[in-house]
Amino acid sequence: MTFRSETSAVPSIVLSDGNVIPQLGFGVFQVPAGGVVPAVTAALEAGYRSIDTAAIYGNEEGTGRAIRESGVPRDEVHVTTKLWNSEQGYDSALRACDASLDRLGLDYLDLYLIHWPVAAAGRFVDTFRAFQALKSQGRVKSIGVSNFTVENLQRVIAETGEFPAVNQIELHPRLAQRELREFHAANAIATEAWSPLGQGTLLDDRTIVSVAAAVDRTPAQVIIRWHLQLGNIVIPKSVTPSRIAENFDVFGFELAPEQMDAINALDSGERIGPDPDTFTMGLSD
Ligand code: NAD
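What you see is a predicted model; the values in this text were computed from it and never measured.

## Side note on the pairing of strand β9 (residues 190–194)
- β9 sits mainly inside the fold: five of its five residues count as buried.
- Alternating residues of β9 divide into Ala190, Glu192 and Trp194 and Thr191 and Ala193, and every residue in both groups is buried.
- Across five bridges, the pairing between strand β8 (residues 166–170) and β9 is parallel. Across the sheet, valine 166 pairs through a bridge with alanine 190, a residue of β9.
- In this region the chain leaves β8, passes through helix α6 (residues 178–186) and returns to the parallel neighbour β9; the handedness of that crossover is right-handed.
- Of the strand pairs in this sheet, β9 and strand β10 (residues 233–234) are connected by two bridges, and their pairing is parallel. Bridge pairing in β10 links glutamate 192 to isoleucine 233.

## A word on the packing of aromatic side chains
- For the structure shown, the criterion picks out ten aromatic pairs.
- With a centroid separation of 5.1 Å and 40 degrees between ring planes, the pair formed by phenylalanine 29 and tyrosine 57 is classed as tilted. Placement of the pair is phenylalanine 29 in the loop between β3 (26–27) and α1 (36–46) and tyrosine 57 in the loop between β4 (50–52) and α2 (60–70), with a sequence separation of 28 residues.
- Judged by centre distance (6.2 Å) and plane angle (75 degrees), the ring pair of phenylalanine 248 and phenylalanine 251 falls under edge-to-face.
- Taken together, the ring pairs in this structure connect Phe26, Tyr48, Phe248 and Phe251 into an aromatic cluster.
- When the ring centre of phenylalanine 124 is taken as reference, the NZ or CZ atom of arginine 155 above it lies at 5.3 Å.
- When the ring centre of phenylalanine 253 is taken as origin, the NZ or CZ atom of arginine 225, which lies over that ring, is 5.9 Å away.

## Observations concerning the site of the ligand
- Residues in contact with the ligand amount to 26 residues; listed here are only the nearest, Asp52, Ser146, Gln168, Ser195 and Leu197.
- Residue histidine 115 places a side-chain N or O atom 3.3 Å away from an oxygen atom belonging to the ligand.
- The separation between an oxygen atom of the ligand and a polar side-chain atom of serine 195 is 2.7 Å.
- The protein chains hide 89% of the 840 Å² of surface that the ligand would expose on its own.
- Mapping the ligand onto the cavity grids shows that it belongs to the largest pocket.
- At three residues, helix α9 (residues 241–248) tops the list of elements feeding residues into the shell around the ligand.
- Classifying every residue of the shell around the ligand gives eleven nonpolar, ten polar and five charged.

## Some points on helix α7 (residues 206–215)
- When α7 is considered as a whole, its buried residues turn out to be Ile208, Val211, Ala212 and Val215. Viewed end-on, α7 has its buried residues packed into an arc of 105 degrees, placing them on one side of the element. Opposite its buried face, α7 presents the exposed residues Arg206, Ala213 and Ala214, each directed more than 90 degrees away.
- Packing partners of the buried residues in α7 comprise α8 (219–230) and α10 (257–264).
- A side-chain oxygen of the first residue of α7 lies 2.8 Å from the backbone nitrogen of threonine 207; this N-cap is aspartate 205.
- In the segment just after α7, aspartate 216 is the residue with positive phi, at about 60 degrees.

## Topic: the sheet that holds strand β5 (residues 78–83)
- Taken in spatial order, the eight strands of this open sheet run β3-β4-β5-β6-β7-β8-β9-β10, and their pairing is parallel. Each end of this open sheet is capped by a strand with a single partner; those strands are β3 and β10.
- This element, helix α3 (residues 90–104), spans β5, β6 (109–114) and β7 (140–146) of the sheet and lies at about 135 degrees to β6.

## Re the packing of helix α4 (residues 124–136) against helix α5 (residues 150–160)
- Where α4 contacts α5, the axes come no closer than 10 Å and their chain directions differ by 55 degrees. The orientation of α4 with respect to α5, classified from their angle, is oblique. With respect to the hand of their crossing, α4 and α5 are arranged in right-handed fashion. Taking contact as the criterion, the partners of Phe124, Val125, Phe128, Arg129 and Gln132 in α4 are, on α5, Asn152, Arg155, Val156, Glu159 and Thr160.
- Its residues assigned to classes, the contact of α4 with α5 shows four nonpolar, three polar and three charged.

## Section: the pairing of β7
- β7 sits mainly inside the fold: six of its seven residues count as buried.
- A crossover links β6 with its parallel partner β7, the connecting element being α4, and its sense is right-handed.
- Pairing of β7 with β8 involves two bridges; the strand directions are parallel. In the sheet register, serine 146 faces β8, and the bridge partner there is glutamine 168.

## Overview of the layout of surface pockets
- Considered as a void within the structure, the largest pocket measures approximately 590 Å³ in volume.
- Lining the largest pocket are 30 residues, with Phe29, Tyr57, Trp194, Ser195 and Gln199 positioned closest to its centre.
- Class assignment of the residues belonging to the lining of the largest pocket gives a composition of 16 nonpolar, eleven polar and three charged.
- Taken together, 21 residues line the second largest pocket, and the ones lying closest to its centre are Val20, Pro22, Asp75, Glu76 and His78.
- Sorting the residues of the lining of the second largest pocket by element identifies β2 (20–22) and β7 as the ones contributing at least two each.
- Partitioned by chemical class, the residues of the lining of the second largest pocket number nine nonpolar, seven polar and five charged.

Parameters at a glance
- Residues numbered from 1 in each chain as written.
- Predicted model: local features only at pLDDT ≥ 70, side-chain atom pairs only at ≥ 80, totals over all residues.
- Heavy atoms only, no water.
- Buried < 20%, exposed > 50% of the residue type's maximum accessible area, 1.4 Å probe, protein only.
- Helix = DSSP H or I, 4+ residues; strand = E, 2+ residues; numbered from the N terminus.
- Pairing = 2+ DSSP bridges.
- Right-handed = clockwise from strand over helix to strand, strands pointing away.
- Phe/Tyr/Trp six-rings, centres within 6.5 Å; stacked < 30°, edge-to-face > 60°.
- Lys NZ or Arg CZ within 6 Å of the ring centre and 35° of its normal.
- Near = heavy atom within 4 Å.
- Polar contact = N/O pair within 3.5 Å; in protein donor to acceptor, adjacent residues only side chain to side chain.
- Areas by Shrake-Rupley, 256 points an atom, 1.4 Å probe, with all protein chains shown as cover.
- 1 Å grid on protein atoms, 1.4 Å probe; cavity = no way out; pocket = protein on both sides within 12 Å on 5 of 7 lines; lining within 4 Å.
- Sits in = over half its atoms within 2 Å of the grid points.
- Nonpolar A, V, L, I, M, F, W, Y, C, P; charged D, E, K, R; others polar.
- Arc of directions from axis to C-beta.
- Contact = heavy atoms within 4.5 Å.
- Axes fitted to C-alpha atoms, helices over the stretch in contact; angles between N-to-C directions.
- Parallel < 35°, antiparallel > 145°, perpendicular 65-115°, else oblique.
- Left-handed = near helix turned anticlockwise from the far one by under 90°.
- Points joined across faces, edges and corners; volume = space filled by probe spheres on them.

Given below as structure tokens:
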């Protein structure tokens, strides 16, 4: 098996803490534990050097195994995982990080995210303080959040004095998240797009299909290109090796301003996933 060593086609995003993350990565949500080793192996083989998992996905073991057994040096793969809702709180967050590192078989994470704010539980600030400790111990290189609203971000910043390096949010042409992207830009928070393809539901959209025909690329490539040109970090998922490779082959073309505008016009504010203000799955009390 050959693993490309040059990854120069993928731009790096410099985070506010000085660390870098590839702008295009590979997500493994809904990849069953049994299928994650071949999927991550195919991604690394195609050239991806950033993998996004989470404790709740139940596939950290296989994700870590695929990375360790790939032969790609550890410092050339960016690894993100996320703390699940039930583990929020200072001490439980420290334990959760150790458990994720154990399952991954790694001795540090490149990026650790609070998966959801679960604001009603009132623990995300303490959780982020634990993340600061993990960063100072070297267990985690960068710390960030996911699904945080502007209000949640303002609270973390005001109470900890630290800006999350990343906010990973649902973002695709139907949910372009303009307000959050502007807040992120003003505060040096990198925007990372989850469900960047709308979980596949955008691939037969008429506008996307017609732009794809005009640039002689696939709908998935056009949407990924739209994210890249907006400046988003983007982490599409697939378990099909040909699609994994297709989604990585997005650096040889550009969308014209009017094609970007046509895709921007698809924004309807329509979510696929839960509303971050009310999502409390995993909360025990
Ligand atoms: P996605 O938008 O990446 O869509 C994935 C689906 O699109 C695939 O299952 C497949 O059906 C289809 N697809 C992918 N490539 C294709 C291609 N080239 N041609 C045709 N169909 C194709 O959806 P996602 O998996 O929900 O999101 C990507 C990643 O974002 C996840 O794997 C996960 O890592 C992350 N995520 C994070 C959160 C969070 O709360 N932080 C939530 C959801 C997802």
